[in-house]
Amino acid sequence: ARAMGHRGMMEGSSRGGRRRRRCLACAALCAALLLFAAGLCVGFMHVAQDDTRSHARGLWGVHGARELFASHVADNACHQSCFVDKQCTCLREIAVVQEVRQLFEESRRKKADLGIGAAADRAAPHAEETAAAAQLEGLAPLAIKIEVCNGLINQRIALLEGIALGVILGAQVLLPVHMPFNGVELPKQPTRTMDRNLQRLERMFDLDALQAGATELYRDHWCKRSDEPASKTWCHGFQRPALLYGNATEAMEDAISILGRKRRNVLSLQWGAGAKSEALSVLEAAQREFYAGVANLGGDAGSPHVLLDLGCTLFSLAVDETTESWSIFWRLNRHLKHESDVHEQAAAVKAHLASLVVAAQEKAATFGFAAPPLEGGAPGYNVLHLRAEEDWQLHCVAWMGLRDGNHRDNCMNNTMLVHNVLLSEGVHPGVPLYIATGLTRAELSAVRIEGPLGSPGLVGLQPLFELFTVALKEDVIDLHPSWATEQREFYAAVDYELAQGSRTFVGNSVSSFSAFIIIDRYRHSRPSLHYNGGNIPLAEDFVKPVKSLSVPTLRQPLKWVFALNVNNASDVSNTFWEMTKVAVISAKRQTDLVAVCVTTAPPTSPVAQWLVGHGVRVIYHRPTWADELVQRVESKGAEEKMRSHLSADPDAMLGTFLRIEVPVLGLLDEFVLYTDVDVMFTGHVDWDVILGQDKYSALRGSTDFARGKGLSRGGRAGVRDLPLYFSASSEMEKSRLPGRLNAGVMLLNMRALRESYDAFRDFIFSSSSLDWPAGPGDQGAYKTFYSETSVTWSESEGRHTTLTPIASFLPFELNWKTYWPRNDFARIIHFHGPKCQSDIIPYKTRAEVTMPVFEDILEDCARNGDCYRLCEEFFSYLGGG
């Protein structure tokens, strides 16, 4: 700027003067912005003037940044990258290194002064200062102070990551004195106005056990690194405690405050509001500078102390299974134990759960369940961590509304359908179920989810109580009316202990509490799942296992879903029921598919009991539109009923229409294989068969809907060879044309069909008929609604509209018809049209045609088809079932 101004004066032109003034103003503004930005980015606070426990500290950034840049302009590569890459981490490293360097320069000057007799002129230390210096002997040369924040598990993570940072740096850790027993987070309410009910940390955790475990870990870690300076602190000589806590933390803070005011051999820096992910690299820079300073002073004797106050250390360390941080973190977690009151309360709940075992098994037996196998010689219990409280609903609205580039779509999913999740995932009703929640039994029975993430029309979790034997805290513990706020984290600790001891843990993956337990159980190969589906944010970004714990897009084994309407709960001998039995038995013998039935049959009916007894996971469901559909079928005229063999049978029609409910019943899978009940499995069915080995291998590595990978068309699912809505094979003739598809076997894209469910249902019932341009019944509805319309015109025919279903193709072998020639590679035989009992065998034995619409098919079957042989196989399954 000065050069440009000088050149302007020499030119002597008014234009040059204006340019000079503009440039000077620009330079001044840039300098001011640079210093301001550097101060904000650096974000450390110098606390020599204030008590370290005070929340009012002076900003160090701008003044320090000015000296910092003056000394680093020419020769610091990190400084240059701050401007090239805008790396604030780099700025922080420079800042803290500069502070540590200045501390050692001052110590070096004092040491030199003492060497030439300057000590005689130095005033004798005050008694308070002498006591503080003695107290400081218990402080390691390099130390960090940490705090905790938010709810119980976030506080736990903050402790573990803070101590892990200490281990990695070789720094002693000052633990927080207090922790909030009410860590609730309400997005719209300022946290300062909330009563956090601060309690001593030892009221929650056994800090002596943590101290012993941490000290051992420090020794193991640093004795392997004997050539590094920190090993002198932790592996040789005087053994300081790894942690300071309680009264020791308070006494040390007082000593640092006293000596800091006098600037006597101690520096305390506070971490600002910067990204916690930067902490390790910045602290390692401080560590290197610190030990370089110690070496320059000639050893530890007389070296200053540096305390870095990090504040809440939640998510300050990237814990990754591929790095050493993983083993350090989880080893510390093993030593972070709750205190005795927590264990006593958890033991009381466990005893109550044990008393419910007989009742749970008796209830489950009425549904057809055998007694569950013992685990470790005991029946055990399961835990469901259910988040439906008001604070969680507010959190989900805020969390789902973030626009930070992360995929967010599962905060409240399936909350009101959690009973279906448990059943479809094989959680046994014969095992008592403890619900870890902030809601009472009465509140759970009346809970509803309002707003954009809500479940319209669903109130209360009564089905969960009807199907499972449930226990809550209130059944055992005499709870204070304000327990859910004042003692929120204490009872969360009770829930934590119960969850760790459960047979199966089920939680909400967006919750840190659930996510932490799921990750921990993954380490020990213990069963867990998240009822909300999708990904686990904690495992994606902060505590990262090697294996993805999200629900896989191409989940293996596949779920096979079928629907069964039973008008008479005691009728188990009709044709459709017999076909259902063959489908179930053949699937069990020929495949590893996970069978799931959606049925209107009551849980205690013979139909439901038989299904459960044969390993089928049953979802009990009668749609709200069921009666309306039955009335429409019954009101059809004779001519209309002749269009389809189902048109005259209201029960069969309801059974086929039940499939439209499958995507909204709480199944976690991104894709399921749906079939009608009139099928027989003749070979293995998996993703290799559906997609082909090459396509499956490619998609398995590139598609992850839970993380947003492979989604298209504005966020809806559907990529390459996976269906946008569904896949199907052909109807009567082998054809790959979408307009010729048959809906008897379908690969359902659950995400896309769930998103379009409301519109599809309204489309179906907005018509006075159950016939559509693409055909009658549910198949015609799918082919008409999920279609693309094209319009053509010709002189002979005029305007012509064509509907083309938006459907991918399933291999013929997955929907092979009985009236087609024999195919030994067929995997699913579809008794499309004529059935063995009512049509094929009567035609074979008596030449009897029971339904005229089937006459041509029966002739094809006898002439070219394989129906007689397949009926023999059908009856063999039926006889053996």
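Since the model is a prediction, treat every value here as computed from it, not as a measurement.

Residue-level account of the overall build of the chain, with values.
The helix and strand tally for the chain stands at 35 helices and 31 strands. Out of the 881 residues belonging to the chain, those deemed buried represent 54%. Summarising the internal contacts of the chain: among those between residues at least 6 apart in sequence, 73% fall at separations of at least 24. Carbon and sulfur atoms form 52% of the exposed surface of the chain, whose accessible area is close to 37900 Å².

Any details on the side chain of S756? Residues and values, ideally.
You can see S756 is positioned in the loop between α30 (750-755) and α31 (757-765). Of note is the side chain of S756, whose polar atom sits 3.0 Å from the backbone oxygen of A752. Residues within four places of S756 in sequence aside, it is in contact with Y725, F785 and Y786.

Could you give me a rundown of the environment of Q500, with the residues and numbers involved?
Positionally, Q500 belongs in helix α20 (residues 488-500). Sequence separation of Q500 and I518 is 18 residues, and the distance between their C-alpha atoms is 9.5 Å. Setting aside residues up to four positions removed in sequence, Q500 forms contacts with I517, D520, R521 and R526. At 2.9 Å, the side chain of Q500 and the side chain of D520 are in polar contact.

How would you explain the side chain of R751 if you had to name every residue and give the values?
Relative to the helices and strands, R751 resides in helix α30. Residue R751 is classed as buried on the basis of its relative accessible area, which comes to 8%. A polar side-chain atom of R751 sits 2.6 Å from a polar atom in the side chain of E670.

Break down the sheet that holds strand β23 (residues 726-730) for me, with residues and values.
Reading across from one edge, β18-β17-β16-β19-β24-β23-β29 is the order of the seven strands in this open sheet, with mixed pairing throughout. Here the strands that pair on one side only, and so sit at the sheet edges, are β18 (617-620) and β29 (807-809). For this sheet, the mean angle separating the axes of adjacent strands, direction not counted, is 30 degrees. Strand direction decides the pairing type here: β23 and β29, joined by three bridges, are parallel. Across the sheet, the residue bridging to F726 is A807, located in β29.

How would you explain unusual backbone geometry if you had to name every residue and give the values?
Each neighbour pair has its own omega, and for Q556 with P557 the value is 0 degrees, a cis peptide bond. With respect to the helices, strands and loops of the structure, P557 is situated in the loop between β15 (543-544) and β16 (559-564). At N197, a position not held by glycine, the phi torsion is positive, near 50 degrees. For N197, the location among the structural elements is in the loop between β4 (178-180) and β5 (198-200). Even without a glycine there, the phi angle at F315 is positive, about 60 degrees.

Please set out empty space enclosed by the protein residue by residue, giving values where relevant.
For the structure shown, the criterion picks out three cavities of 30 Å³ or more. Of the voids in this model, the second largest cavity is the one considered here, and its volume is about 40 Å³. Contributing to the lining of the second largest cavity are T437, L439, T440, L472, K473, E474, L479 and W483. Of the residues that constitute the lining of the second largest cavity, the class distribution is four nonpolar, two polar and two charged.

Just give me the short version of the packing of α20 against helix α21 (residues 512-523), but keep the residues and values in it.
For the pair α20 and α21, interaxial distance at closest approach is 11 Å and the crossing angle is 25 degrees. Relative to α21, the element α20 is oriented roughly parallel. For the element pair α20 and α21, the recorded crossing hand is right-handed. On α21, the residues that touch A492, D495, Y496, A499 and Q500 of α20 are F513, F516, I517, D520 and R521. Across the contact of α20 with α21, the residue classes break down as six nonpolar, one polar and three charged.

Residues and numbers for the packing of aromatic side chains, please.
Within this structure, the stated rule accounts for 31 aromatic pairs. Between the aromatic rings of F290 and Y291, the centroid separation amounts to 5.1 Å while the plane-to-plane angle is 85 degrees, which identifies the pairing as edge-to-face. By relative accessible area, F290 is classed as buried at 0%. On the numbers, 5.7 Å between centres and 90 degrees between planes, the contact of W483 with Y491 is edge-to-face. Each member of the pair, W483 as well as Y491, carries the same accessibility label: buried. Feature note: the residues Y725, F726, F760, F763, W772, Y782, F785 and Y786 constitute an aromatic cluster, connected by ring pairs. The ring of Y696 carries the charged tip of R700 above its face, separated from the ring centre by 4.8 Å. A cation sits over an aromatic face here: K734 above W820, 4.6 Å from the ring centre.

Tell me about the pattern of salt bridges, residues and numbers included.
Counted by the stated rule, this structure contains 35 salt bridges. The closest approach of N and O atoms between E250 and R200, which form a salt bridge, is 3.5 Å. Of this pair, E250 sits in helix α10 (residues 247-262) while R200 sits in strand β5; the two residues are 50 residues apart in sequence, bridging distant segments of the chain. For R200, a relative accessible area of 24% puts it in the partly exposed group. Between R488 and D391 there is a salt bridge, with the nearest N and O atoms lying 3.6 Å from each other. With R488 in helix α20 and D391 in helix α15 (residues 390-400), the pair connects residues that are 97 residues apart, well separated along the chain. D391 shares its class with R488; the two are buried. Salt bridges sharing common partners tie together R387, E389, D391, R488 and E489.

How would you summarise the state of the cysteines if you had to cite specific residues and measurements?
Counted under the stated rule, the structure contains five disulfides. Covalently, C396 is tied to C411 through a disulfide, its sulfur atoms 2.0 Å apart. What sets the handedness of the C396 and C411 disulfide is the S-S torsion sign, and at about -70 degrees it is left-handed. Placement of the pair is C396 in helix α15 and C411 in the loop between α15 and α16 (418-424), with a sequence separation of 15 residues. For C411, a relative accessible area of 0% gives the class buried. Two residues share a disulfide in this structure: C861 and C867, whose sulfurs sit 1.3 Å from each other. Taking the relative accessible area as the measure of exposure, C867 reaches 0% and is therefore buried.

Parameters at a glance
Residues numbered from 1 in each chain as written. Predicted model: local features only at pLDDT ≥ 70, side-chain atom pairs only at ≥ 80, totals over all residues. Heavy atoms only, no water. Helix = DSSP H or I, 4+ residues; strand = E, 2+ residues; numbered from the N terminus. Buried < 20%, exposed > 50% of the residue type's maximum accessible area, 1.4 Å probe, protein only. Contact = heavy atoms within 4.5 Å. Areas by Shrake-Rupley, 256 points an atom, 1.4 Å probe, with all protein chains shown as cover. Polar contact = N/O pair within 3.5 Å; in protein donor to acceptor, adjacent residues only side chain to side chain. Pairing = 2+ DSSP bridges. Axes fitted to C-alpha atoms, helices over the stretch in contact; angles between N-to-C directions. 1 Å grid on protein atoms, 1.4 Å probe; cavity = no way out; pocket = protein on both sides within 12 Å on 5 of 7 lines; lining within 4 Å. Points joined across faces, edges and corners; volume = space filled by probe spheres on them. Nonpolar A, V, L, I, M, F, W, Y, C, P; charged D, E, K, R; others polar. Parallel < 35°, antiparallel > 145°, perpendicular 65-115°, else oblique. Left-handed = near helix turned anticlockwise from the far one by under 90°. Phe/Tyr/Trp six-rings, centres within 6.5 Å; stacked < 30°, edge-to-face > 60°. Lys NZ or Arg CZ within 6 Å of the ring centre and 35° of its normal. Salt bridge = Lys/Arg side-chain N within 4 Å of Asp/Glu carboxyl O. Disulfide = S-S within 2.5 Å.

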